[in-house]
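# Structural description and commentary
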Amino acid sequence: MEEIIKKYELNDLALQMVGAKQISSQSPERELLRNLLPINSAFGYYHNDTFTWEDPRDGKVYSESFHNGDEDGRLGAIKKINERIGEYNIFLEKLQEKEGIEKTFELKYFPQDESWMWGLHFVMSQPTIKQKNRYGQDQDHFGILQINNEFCYTRGLQLEMEDYVPRFNKMMYDYINALCPNNKHVVETHVLYNAIIEYENWFMMHGNVIDKTVSLVEDVKRETDNPVAQSFDPNQELRAAHNIILNQREKIKQYKNSAEHRIKELIGTDKLDDLVDSTRFKSSGKINWKKSATLLGCSDKKAKSLIEDHAPYLLRDDEMGYLE
């Protein structure tokens, strides 16, 4: 199973399924794995025939189109857009090396995420055990999530939803068992305790015997005219859930533009020290909070508070006299 976990990137998949990578792909919130749930259905991600990207340097918009159902065309269009995004990110890295990271912050140039190559929508089961979010509050259940996983997508081109869903849940249940081989003895404080129960409850409530269910990793010997990866939302009543997701995306977008997100991204890429050091007064080595706040896009007080929360060692240097 260890080889399968690595080959099909199941660790990364599980993190995506609990939203652990929404805020930062560099520093996923792994404790959210306690909220891992089975899926109830799945449907396609790519329902537009055009991919677009706007270059932050000049505002120019690039677009690439393909014919729906043409997998080669879809992949080709995404690759062309991602090449442009990749070129921009390389430019950004070189600019940071030459001018310093503070220059890129002044210009509001930030790394860009490439378009997903292997997207799918999952409709999640309702939890049978109360969940907590990243802040320790009761978790709102949003119903639908999006994942990017090549294996799950390609299997989604071979199977209809009725076959795909139990196979997928069996794969994830086997994954949990590989991480917790003695799951019957796992205590309630274990991160995956709830997930074990949720998956076992799902199979029981759907009348499926876990040990007799075929995993998604097993070979598929037939094709289908209605593949999951190219299907539409199967339930009209899920439109409300879509609206919730759009609102959640907007909240995430706002967070990604916030000073706290920038701090976390800088920590994840080991660049926070460089940014803060670039703002220190040469005479005393103390942090110039006004300059730091300008680069982070927040108030002086907020900048200091964020450093206190996420990198207090930088403040200790400041208090001691960085260059003395």
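Here the structure is a predicted model, which means the values were calculated and not measured.

## Quick word on empty space enclosed by the protein
Counted by the stated rule, this structure contains 1 cavity of 30 Å³ or more. The calculated volume of the largest cavity comes to roughly 40 Å³. As for the largest cavity, its lining consists of Ile 263, Leu 272, Leu 275, Val 276, Thr 279, Ser 292, Leu 295, Leu 296 and Ile 307. Of all elements in the fold, only α10 (272–277) and α11 (289–296) reach the threshold of two or more residues within the lining of the largest cavity.

## Some points on the confidence of the model for the chain
Summary statistics for the chain give a mean pLDDT of 83 and a share of 84% for residues scoring 70 or more. Put simply, helix α8 (residues 239–256) is where the chain has its lowest mean pLDDT, 53, and helix α5 (residues 150–156) is where it has its highest, 96.

## Digging into the pattern of salt bridges
Enumeration over the complete set of coordinates arrives at 6 salt bridges. A salt bridge links Arg 57 to Asp 55; its shortest N-O distance comes to 2.7 Å. Judged by relative accessible area, Asp 55 falls into the buried class, the value being 4%. With its nearest N and O atoms 2.9 Å apart, the salt bridge here joins Arg 280 to Asp 277. Of the residues examined, Asp 277 reaches a relative accessible area of 29% and is grouped as partly exposed. It is possible to trace a salt-bridge network through shared partners that takes in Asp 55, Arg 57 and Glu 87.

## Comments concerning the packing of aromatic side chains
Scanning the model with the defined rule gives 17 aromatic pairs in all. Taking the centre distance of 5.5 Å and the plane angle of 15° together, the rings of Phe 51 and Phe 66 count as stacked. Placement of the pair is Phe 51 in strand β2 (residues 50–54) and Phe 66 in the loop between β3 (61–65) and α3 (71–99), with a sequence separation of 15 residues. In terms of burial, Phe 51 and Phe 66 fall into one category: buried. Judged by centre distance (5.2 Å) and plane angle (90°), the ring pair of Phe 105 and Phe 110 falls under edge-to-face. The exposure class of Phe 105 is buried, given its relative accessible area of 7%. Three or more aromatic residues joined by ring pairs make a cluster, and in this case those are Tyr 45, Tyr 46, Phe 51, Phe 66, Trp 116, Trp 118 and Tyr 153. When the ring centre of Phe 91 is taken as reference, the NZ or CZ atom of Arg 57 above it lies at 4.7 Å.

Calculation notes
- Residues numbered from 1 in each chain as written.
- Predicted model: local features only at pLDDT ≥ 70, side-chain atom pairs only at ≥ 80, totals over all residues.
- Heavy atoms only, no water.
- 1 Å grid on protein atoms, 1.4 Å probe; cavity = no way out; pocket = protein on both sides within 12 Å on 5 of 7 lines; lining within 4 Å.
- Points joined across faces, edges and corners; volume = space filled by probe spheres on them.
- Helix = DSSP H or I, 4+ residues; strand = E, 2+ residues; numbered from the N terminus.
- pLDDT = per-residue confidence, 0-100.
- Salt bridge = Lys/Arg side-chain N within 4 Å of Asp/Glu carboxyl O.
- Buried < 20%, exposed > 50% of the residue type's maximum accessible area, 1.4 Å probe, protein only.
- Phe/Tyr/Trp six-rings, centres within 6.5 Å; stacked < 30°, edge-to-face > 60°.
- Lys NZ or Arg CZ within 6 Å of the ring centre and 35° of its normal.

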